[in-house]
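Structure assessment
Each chain, letter by letter, is given below.
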Amino acid sequence: MPEQLSIEGISPFGAPVSEEFSLENGFARWKGSDEHGSAKTSEAQFYIPKNSTLAVQTQLVKALITDADQNIDLLPQGKARLHKLDKVTLQQGEKKKTVHLYGVSGLGFTPDLAWYDDNGDLFASDEGGWFAILRKGWDKSHLEELKTRQVAAADQYLQGIAKKHTHTSTQPILISNVNLVDMVSGKLVKKQHVLIKQGKIAKISKTPIKTTGATTIDARNHTLIPGLWDMHAHLSPTDGVLNSRVDQRNFPFDLSQNRT
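Residues numbered from 1 in each chain as written. Predicted model: local features only at pLDDT ≥ 70, side-chain atom pairs only at ≥ 80, totals over all residues. Heavy atoms only, no water.

On to the packing of aromatic side chains, then. Using the criterion set out here, one finds 4 aromatic pairs in the structure. Geometry around tryptophan 138 places lysine 95 over its ring, the cationic atom sitting 4.5 Å from the centre. (Phe/Tyr/Trp six-rings, centres within 6.5 Å; stacked < 30°, edge-to-face > 60°. Lys NZ or Arg CZ within 6 Å of the ring centre and 35° of its normal.)

Below, the structure written as structure tokens:
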């Protein structure tokens with residue numbers, strides 16, 4: 001685990017970057033241009049800077065590879081997990097190199113993917129085709145093979161996550177204690193009860209709705225809004241987690257009808 005870290009530079013949008021981290025005698029301290037903190041830590045924890053670097057990314061993968069369950073606690077908070085997605089041996093002349101596609105989850109909405117050698121050092125990375133990294137001394141033609149394998153492995157991995165975490169219902173759906181954005185009045189209506197039948201909102205009530213056989217969701221402290229249309233977006237398979245919804249065969253959120 002890193003015991004001391006210093007990052008200086010310029011962010012992609014031009015802001016100055018200055019971050020410091022130290023771990024001494026079980027006490028961690030960190031400070032940046034817009035945040036600071038400290039924590040006592042009896043066990044090894046990995047600090048994630050706000051403006052990370054390839055060196056930090058590689059060291060995190062090395063720490064995860066050597067961890068017993070490949071799951072480590074993070075500072076300031078959270079956990080990182082390592083997912084082994086693919087492995088391939090590349091050849092260039094007399095040189096051979098076995099590289100592994102790892103996904104690191106816990107740092108964002110979707111895992112960070114890159115290729116590493118047997119020692120855990122970064123070998124290559126493809127960021128959706130617009131930006132790529134390849135170890136010096138290897139022909140860039142290898143990037144196409146790695147990109148193809150990465151896309152296939154990522155698709156399979158993300159589809160597995162979607163299948164595991166997507167909830168569907170063939171029964172009516174009752175959403176209780178939910179706050180509604182009323183697009184007619186332009187106000188937030190609190191603690192409402194919404195019943196969806198056959199893909200449409202059947203009833204909205206300020207008092208509890210009595211029904212049998214419905215899939216019930218307690219949405220206390222949550223807000224239900226009409227579907228929004230984005231006139232400009234960059235879409236990829238990883239966007240699905242950001243567009244999660246309750247699913248009863250794609251029901252619409254039309255709050256202008258069947259109100260009580």
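Next comes the rest of the description.
This part is about helix α1 (residues 54-66). Each α-helix turn comprises 3.6 residues. Residues three or four places apart therefore point the same way. Here α1 is 13 residues long and its end C-alpha atoms lie 19 Å apart, about the 18 Å a rise of 1.5 Å per residue gives. Among the residues making up α1, those that are buried are Val56, Thr58, Leu60, Val61, Ala63 and Leu64. (Helix = DSSP H or I, 4+ residues; strand = E, 2+ residues; numbered from the N terminus. Expected span 1.5 Å × (residues − 1). Buried < 20%, exposed > 50% of the residue type's maximum accessible area, 1.4 Å probe, protein only.)

This part covers the sheet that holds strand β3 (residues 27-31). Strand order in the open sheet formed by 4 strands is β1-β2-β3-β4, and the pairing between neighbours is antiparallel. Every other strand in the sheet has two partners, leaving β1 (4-10) and β4 (36-40) as the edge strands with one partner each. Ignoring which end each strand starts from, the neighbouring axes of this sheet average 5 degrees apart. Both β1 and strand β2 (residues 16-24) contribute to a ladder of 7 bridges, which runs antiparallel. For isoleucine 10, the partnering residue across the bridge sits in β2 and is proline 16. (Pairing = 2+ DSSP bridges. Axes fitted to C-alpha atoms, helices over the stretch in contact; angles between N-to-C directions.)

This part covers the environment of leucine 82. Structurally, the position occupied by leucine 82 is in strand β7 (residues 79-92). The exposure class of leucine 82 is buried, given its relative accessible area of 8%. Counting along the chain gives 29 residues from leucine 82 to proline 111, while the straight-line C-alpha distance between them is 9.1 Å. When residues no more than four places from it in sequence are discounted, the contact partners of leucine 82 are Val61, Leu64, Ile65, Gln70, Tyr102, Gly103 and Val104. (Contact = heavy atoms within 4.5 Å.)

Take the confidence of the model for the protein next. When the pLDDT values of the protein are averaged, the result is 86; 90% of them are 70 or greater. Note that residues 245-260 has pLDDT below 50 and, in this model, 45 contacts with residues that lie over four places away or in other chains. (pLDDT = per-residue confidence, 0-100.)

With respect to the helices, strands and loops of the structure, histidine 193 is situated in strand β13 (residues 187-197). For histidine 193, a relative accessible area of 6% translates into the label buried. What histidine 193 contacts, discounting residues up to four positions off in sequence, is Ile175, Ser176, Asn177, Lys203, Ile204, Ser205, Lys206, Thr207, Pro208 and Ile209.

In any sheet, the strands associate via hydrogen bonds between backbone groups, in a parallel or an antiparallel arrangement. The 7 strands are arranged β5-β6-β7-β8-β9-β10-β11 in an open sheet whose pairing can be described as mixed. Both outer strands of the open sheet, β5 (46-47) and β11 (132-134), are each paired with one neighbouring strand and no more. Across the face of the sheet, α1 comes into contact with β5, β6 (71-75), β7, β8 (95-105), β9 (112-116), β10 (122-126) and β11 while running at roughly 100 degrees to β7. Each of β7, β8, β9, β10 and β11 touches helix α2 (residues 142-165); the most contacted strand, β7, lies at about 145 degrees to it.

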